[in-house]
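Residues per chain, in single letters:
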Amino acid sequence: MIDSELTIRKLEIFLAFMEKRNIARTAEMLGISGVSVHRALHSLEDVLRCPLFVQDGRNLRPLPAARTLAHYAKEMVLVIRRAIDATREAAGYGRGRMKLGCLYSLTTELVPQLIMGLKRRRPEMEIDLSMNSSRELLAQLNEGQLDAILVSLPGKKVELAGLETLPLFEDTFYLAVPLSSSVPLAEPVELADLKEEKFVTMNDGFATAQCFSDAFAEAGFEPVVVTRLNDIFSLMNMVQAGVGLSLVPRRIGKVFDSSVRLVGLAEKYRKKQTVALVFPKSRERDPDILALVAEARMMARHSIG
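The rules behind the values
Residues numbered from 1 in each chain as written. Predicted model: local features only at pLDDT ≥ 70, side-chain atom pairs only at ≥ 80, totals over all residues. Heavy atoms only, no water. Phe/Tyr/Trp six-rings, centres within 6.5 Å; stacked < 30°, edge-to-face > 60°. Core = buried A, V, L, I, M, F, W, Y, C linked by side-chain atoms within 4.5 Å. Buried < 20%, exposed > 50% of the residue type's maximum accessible area, 1.4 Å probe, protein only. Helix = DSSP H or I, 4+ residues; strand = E, 2+ residues; numbered from the N terminus. Contact = heavy atoms within 4.5 Å. Axes fitted to C-alpha atoms, helices over the stretch in contact; angles between N-to-C directions. Parallel < 35°, antiparallel > 145°, perpendicular 65-115°, else oblique. Salt bridge = Lys/Arg side-chain N within 4 Å of Asp/Glu carboxyl O.

Undergrad: Quick question: what am I supposed to make of the packing of aromatic side chains here?
TA: For any two aromatic rings, the description comes down to two numbers: the centre-to-centre distance and the angle of the planes. All chains considered together, the criterion is met by 6 aromatic pairs. Members of the aromatic cluster, connected to one another through ring pairs, are F199, F212, F216 and F221.

Undergrad: For this particular structure, what's the right way to read the nonpolar core?
TA: Of all hydrophobic cores here, the largest spans 34 residues; its most connected members are L110, I149, L150, L277, V278 and L292. Ranked by residues supplied to this core, first place goes to helix α10 (residues 287-301) with 6 residues. For L150, the contacting residues outside a window of four places in its chain are L100, G101, C102, L103, L106, L110, V111, L114, L137, L168, A276 and L277. In this structure, F173, L245, V263 and L265 belong to the second largest nonpolar core, which totals 21 residues.

Undergrad: Hey, could you run me through the packing of helix α2 (residues 23-30) against helix α3 (residues 34-48) in this one?
TA: Packed helix pairs are specified by the crossing angle of their axes together with the interaxial distance, meaning the distance between the axes. One can describe the packing of α2 onto α3 by two numbers: an axis separation of 8 Å at closest approach and a directional angle of 105 degrees. In terms of axis orientation, α2 runs roughly perpendicular to α3. In this structure, α2 uses I23, T26 and A27 to contact α3, whose residues at the interface are G34, V37 and H38.

Undergrad: Would you mind showing me how to read the pattern of salt bridges here?
TA: Oppositely charged side chains may form a pair once their charged atoms are brought near each other. Counting across every chain of the model gives 14 salt bridges. In this structure, R283 engages D147 in a salt bridge whose closest nitrogen and oxygen atoms are separated by 3.1 Å. Separated by 136 residues along the polypeptide, R283 in the loop between β11 (272-280) and α10 and D147 in the loop between α6 (134-142) and β5 (148-153) bring together distant segments of the chain. For R251, the salt bridge identified is with D171, shortest N-O distance 2.8 Å. Residue R251 is found in helix α9 (residues 250-253), and its partner D171 is found in strand β6 (residues 163-178); the two are separated by 80 residues along the sequence.

Undergrad: Please clarify how unusual backbone geometry should be interpreted in this entry.
TA: A negative phi angle characterises most non-glycine residues, just as the trans form characterises most peptide bonds. A cis geometry characterises the amide bond from E187 onward to P188, with omega recorded as 0 degrees. Relative to the helices and strands, P188 resides in the loop between β6 and β7 (198-202). Even without being glycine, R21 reaches a positive phi, approximately 55 degrees. Taking the relative accessible area as the measure of exposure, R21 reaches 40% and is therefore partly exposed. At R49, a residue that is not glycine, the phi angle is positive and equals roughly 60 degrees. Among the secondary structure elements, R49 is positioned in the loop between α3 and β1 (53-56).

Laid out in structure tokens, this is it:
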């Protein structure tokens, strides 16, 4: 077994000294004290159980053994650095390429602004964007297929095992009605009065579908659902075409304000969701993730959404 006192740090100090051949200049280059340099060099002699230097006035003169160690130590430190880089790249750590997942509804405002801000911080970064439901995105994150995700979560603070969550903003659900609709609606809307209406909603797994179900559970009846969809833009197209009404987060209504009206719900039916950035706790020191979190926090302070 190799002695545990033989560390990479000591070898790096040793190699710096072999380059500078002066304790003071070595200490200055490494940003440490001369005593630390001296201690590291003599510690190597103790570990290797052979002399590496002889005293030459106030300095140390390398022996042939030191030159031999330097030859192999350079290769060893280089291999270790390559191993660290390769390991981090395999783990997606600081590689300059991010796999980011998000909800379809967040591509209208939040995601473009987040990506532009991230590119200002790290111009060299490449970003692969994937869109799916909250449930699917969380599964992909847990499987390591994504580095971070932007999803909707119930409540203001949700604890997810092994994951960090950074809330960005809270959104409220409204009834989406085509502007051409002749349905008489008094705001706030009582969902219990809409038993005869047809609806469209999202497929299971989407946060919007869960809020839809919860609201009608409060209303005490099962709505007539004409169709279920996999993206919210298709859903809003169905609403504006008069296929059915729906319950949608306020953020998506901004895109369709020329063809769809959002009507507030009575308090007991009003559902909220928190849009949050989610990433693995194991990646919290990753330079790429740190840049993403910094930009997301700045956006959260400006209450985007």
